[in-house]
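Given next are the chains, with one letter for each unit.
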Amino acid sequence: MKKYVVDKLAQYVIVLAIVSVIIFVMVRLNPTDPVSVIVGGKQTTAETVANIRAEFNLDKTYFEQYLIWIKGIFQGDFGTSFQYRQNVTSLIMKRLPVTVGLVLLSSVIALVLSVPLGIITALKQNTPLDTGLSVIQLILVACPPFLTSILMILLITIFTPGVSFTGSFTNFNEYMQRILYPSIALAFSMIALTSRVTKTSMIEQLNSNYTLVAKSKGLSMRQRVLNHCLKNSLIPVITIFGTQMGVLIVGTVLVENVFSLAGLGSILIDGVKSCDYPIVQGIVMLLVFVFITISMLLDMLYAVIDPRIRAKSGK
Amino acid sequence: MSELINIKNLKVNLMSPRGIVHAVRDINLEIAQGQIHGLVGESGCGKSMTAKSIMRLHDEKKMLYGGEIIYEGNTDILTMKEKELEQIRGKDISMIFQDPMTTLNPLLRIGKQLDEMILQHEKVSKAEAKERSLKLLEKVGIFPAEQRYKQYPFELSGGMLQRVSIAMAIACNPKLLIADESTTALDVTVQAQILRLIKELQEQNGMSVLVITHNFGVIAEICDVVSVMYAEVIVEHGPVGEIFHNPKHPYTMDLIQSIPKSGERGGKLVTIPGTPPDLRRKIVGCAYAERCKYATDACRESAPQLESCGENHEFACKHKFA
Ligand SMILES: Nc1ncnc2c1ncn2[C@@H]1O[C@H](COP(=O)(O)OP(=O)(O)O)[C@@H](O)[C@H]1O
Ligand SMILES: [Mg+2]
């Protein structure tokens, strides 16, 4: 187990390092000169331009810029935004609660609904209930989160006019109200695939030999499912949930826009438009960091669930 | 001697996409108390189907039973409710399966799976269940029990796992133990050990055992009586010694011929030429006629009925071999 953890941690650090280089390069592939954005199209002297370059370290080599960026990250400093002339870290911190809330709440909603849904459709295979739920799942798979969001906004405004669910918030209650609907929209797209995978893997476990043995021991259907099949069937579910995290994080950016929430999404998109290197590379790095961290934690979870993985990598 | 299980005209029909499969056509089988009863026949002849029917283990959404399985002379297992079946499974009738590598839950410790059987059927504390599980492990020859108790299935060999399965199956002192090809997946020496273990346990607690195999050698080794099955029906049954030395049905003779000889390692396996009939077709006449060297027109016209030839010995063949 120790070796497994060390291996995974080493992988994790290497991946983060490579990704940071890729992000750094990608951001600079944009042909627009950031200085023109910073000055906002005003007439400027060569001297002002040189001053601006010096202020934002744009006069240094790419290698030096990269080192400054990475050093800053370790000190919790993502640099200064070109457009806002503000510290990127504080910009991110102000907007982080919305994005983190969306990711967490939608994951919880998705898991709480899709695992039981998968189990029920597996147990009620080939019944009208299964068919009905499968059709709903198919529709959900086909609906991207921003479309679901727009439909939800329509429905909410038609059926409960006056309820406010977009814009800023001042207390926790309002915060939850703001993120609930977009989280549901995000969760829908995850529920479809996750419940499908739960169903398939649950059916496989129900047909397995050890389940037949459990039946021959006198265990009821309920005991067989809960005490034996559930844990086994969750292994592929964890995998699929991990890969969907990436889609989910991208989804938050879109959904924040539709619900006009002050999350990372809106400043990220603004940042891309205006060539704001520190904002774009900072936020993308943060999102990727969250994604890779979740994947790593899921890898650890496999080992906790499955003794064979623990054993394969030495005690 | 009274019967523990009396199977009367058992039929099992499966609804498959390619039509109805008569997986069991018409089985009559009596399992006496305290005996080791063998059920032998080639793969696919319906042995497992019959065994699973005794415990009603099939997924019943896609199948139909016919006939009766009378348990202890008074209750028909085929009409029992699921709740009643759950009380019998594991407690009164338990089963050991073929592939020991897949019969235990890979994610649960061996001890936990043993305890589970005991806790399911008896009012004991967890500590008492553990105590009993450890004794059971020692009884089936697994040492050191305390250490094995904590291990996961993938840490044990096939032979060990089959011993664990046996320990689990006898945990609640069942009246009937069904062993379906329980030694087939193991190598020859381990096979013999496991058979000896089953025999010992049977002698100790006097349960009945139904040994299912395609290998007549296994039958000869531990069984008291044997039923020979071909194409979903019993074609001959009687005491093992009698059948072995004085087989009446050509299929039984051929099966005995094809016992793998020990000591002849690597020697070619004698198999019966031809294949069993397709179960989706209706079988007219004797099912074995296609492969039988004694078959005549009479055999192909109508099916032979079981008839008696000596004490407890019955067979279904139109020819009367001396
Ligand atoms: N799920 C199934 N669907 C259709 N046919 C089946 C199924 N399971 C078994 N059968 C058929 O039923 C017959 C009896 O099978 P089985 O009892 O497993 O044979 P045995 O244990 O003697 O090898 C076989 O011919 C097999 O093809
Ligand atoms: Mg079989």
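All values derive from a computational prediction rather than experimental measurement.

### Concerning the overall build of chain B
Part 1 of the argument: If you tally the helices and strands in chain B, you get 11 helices and 12 strands.
Part 2 of the argument: The globule rule puts the C-alpha radius of gyration for 322 residues at 20 Å, and the 20 Å found for chain B is close to it.
Part 3 of the argument: Projected onto its principal axes, the C-alpha coordinates of chain B cover approximately 65 × 50 × 45 Å.
Part 4 of the argument: By residue count, 55% of the 322 residues in chain B fall in the buried class.
Part 5 of the argument: Split by element, the accessible area of chain B, about 15000 Å² in all, is 51% carbon and sulfur.
Part 6 of the argument: Across chain B, 39 positive and 41 negative side-chain charges occur, with their mean positions spaced 4 Å apart.

### Describing the domain arrangement of chain A
All names here are of chain A.
Part 1 of the argument: Structurally, chain A comprises domain 1 (1–83 + 274–315) and domain 2 (95–263).
Part 2 of the argument: Both faces combined, the contact of domain 1 with domain 2 buries some 1000 Å², and carbon together with sulfur accounts for 84% of it.
Part 3 of the argument: Of all residues in domain 1, Phe291, Tyr302 and Ile305 give up the largest surface area on contact with domain 2, accounting jointly for 48% of the area buried on that side.
Part 4 of the argument: Here domain 1 is connected to domain 2 by 0 salt bridges.
Part 5 of the argument: The interface formed by domain 1 and domain 2 contains 1 residue pair in polar contact (both at pLDDT 80 or more).

### Comments concerning the domain arrangement of chain B
Residue and element names in this part refer to chain B.
Part 1 of the argument: Domain assignment breaks chain B into domain 1 (3–223) and domain 2 (232–258 + 270–322).
Part 2 of the argument: Taking the mean C-alpha position of each, domain 1 and domain 2 sit 28 Å from one another.
Part 3 of the argument: Roughly 1700 Å² of surface becomes buried between domain 1 and domain 2 when both sides are summed, with 62% attributable to carbon and sulfur atoms.
Part 4 of the argument: If you sort the residues of domain 1 by the area they bury against domain 2, Arg25, Glu42 and Phe216 come out on top, with a joint share of 41%.
Part 5 of the argument: Viewed at the interface, domain 2 and domain 1 are joined by 1 salt bridge.
Part 6 of the argument: The residue Arg291 makes a salt bridge to Glu42 at a minimum N-O spacing of 2.9 Å.
Part 7 of the argument: Here domain 1 and domain 2 share 5 residue pairs in polar contact (both at pLDDT 80 or more) between them.

### A closer look at the interface of chain B and chain A
Interface size is commonly expressed as the accessible surface area that is lost when the partners come together.
Part 1 of the argument: Each side of the interface is counted separately: chain B has 28 residues, and chain A has 26 residues.
Part 2 of the argument: Summing the contributions of chain B and of chain A, the shared interface buries around 2200 Å²; its carbon and sulfur component is 58%.
Part 3 of the argument: There are 1 salt bridge connecting chain B and chain A.
Part 4 of the argument: Close ionic contact of Lys217 of chain A with Glu116 of chain B constitutes a salt bridge, the shortest N to O distance being 2.8 Å.

### Details of the site of ligand 1
Residue and element names in this part refer to chain B.
Part 1 of the argument: With respect to spatial proximity, the complete set of residues near ligand 1 consists of Leu14, Ala23, Glu42, Ser43, Gly44, Cys45, Gly46, Lys47, Ser48, Met49 and Leu279.
Part 2 of the argument: For ligand 1, an oxygen atom lies 2.6 Å from a polar atom in the backbone of Gly44.
Part 3 of the argument: Measuring from an oxygen atom of ligand 1, one finds a backbone N or O atom of Gly46 at 3.1 Å.
Part 4 of the argument: Expressed as a share of its isolated accessible area of 560 Å², the protein-covered part of ligand 1 is 61%.

### A word on the pairing of strand β2 (residues 19–32) of chain B
Residue and element names in this part refer to chain B.
Part 1 of the argument: The pairing of strand β1 (residues 3–16) with β2 spans 10 bridges and is classified as antiparallel. Its bridge partner being in β2, Asn13 is matched across the sheet by His22.
Part 2 of the argument: The hairpin formed by β1 and β2 contains 2 residues between the paired strands.

### What to know about a positive patch on the surface
Part 1 of the argument: The grouping of Lys231 of chain A together with Arg109, Lys112, Lys126 and Lys150 of chain B at the surface amounts to a positive patch.
Part 2 of the argument: With respect to the helices and strands, the residue Arg109 of chain B is situated in the loop between β6 (93–96) and α3 (110–121).
Part 3 of the argument: The class of Arg109 of chain B is partly exposed, set by a relative accessible area of 39%.

### A closer look at the packing of α3 of chain B against helix α4 (residues 126–139) of chain B
Residues and elements named next belong to chain B.
Part 1 of the argument: Between α3 and α4, whose axes approach to 9 Å, the crossing angle comes to 115 degrees. Here α3 lies roughly perpendicular to α4, going by the angle between them. Seen from above, α3 lies across α4 with right-handed handedness. The segment α3 lies against α4, with Gly111, Leu114, Asp115, Ile118 and Leu119 engaging Lys126, Ala129, Lys130, Arg132, Ser133, Leu136 and Leu137.
Part 2 of the argument: Its residues placed into classes, the contact of α3 with α4 shows 6 nonpolar, 2 polar and 4 charged.

Parameters and conventions
- Residues numbered from 1 in each chain as written.
- Chains lettered and ligands numbered in written order.
- Predicted model: local features only at pLDDT ≥ 70, side-chain atom pairs only at ≥ 80, totals over all residues.
- Heavy atoms only, no water.
- Helix = DSSP H or I, 4+ residues; strand = E, 2+ residues; numbered from the N terminus.
- Rg over C-alpha atoms; globule rule 2.2 N^0.38 Å.
- Buried < 20%, exposed > 50% of the residue type's maximum accessible area, 1.4 Å probe, protein only.
- Areas by Shrake-Rupley, 256 points an atom, 1.4 Å probe, with all protein chains shown as cover.
- Lys, Arg positive; Asp, Glu negative; His and termini not counted.
- Charge placed at Lys NZ, Arg CZ, Asp CG, Glu CD.
- Domains from an automatic or database assignment.
- Buried area = accessible area lost by both parts, 1.4 Å probe.
- Salt bridge = Lys/Arg side-chain N within 4 Å of Asp/Glu carboxyl O.
- Polar contact = N/O pair within 3.5 Å; in protein donor to acceptor, adjacent residues only side chain to side chain.
- Contact = heavy atoms within 4.5 Å.
- Near = heavy atom within 4 Å.
- Pairing = 2+ DSSP bridges.
- Patch = residues over 30% accessible without salt bridge, like charges linked within 9 Å, V, L, I, M, F, W, Y side chains within 5 Å.
- Axes fitted to C-alpha atoms, helices over the stretch in contact; angles between N-to-C directions.
- Parallel < 35°, antiparallel > 145°, perpendicular 65-115°, else oblique.
- Left-handed = near helix turned anticlockwise from the far one by under 90°.
- Nonpolar A, V, L, I, M, F, W, Y, C, P; charged D, E, K, R; others polar.

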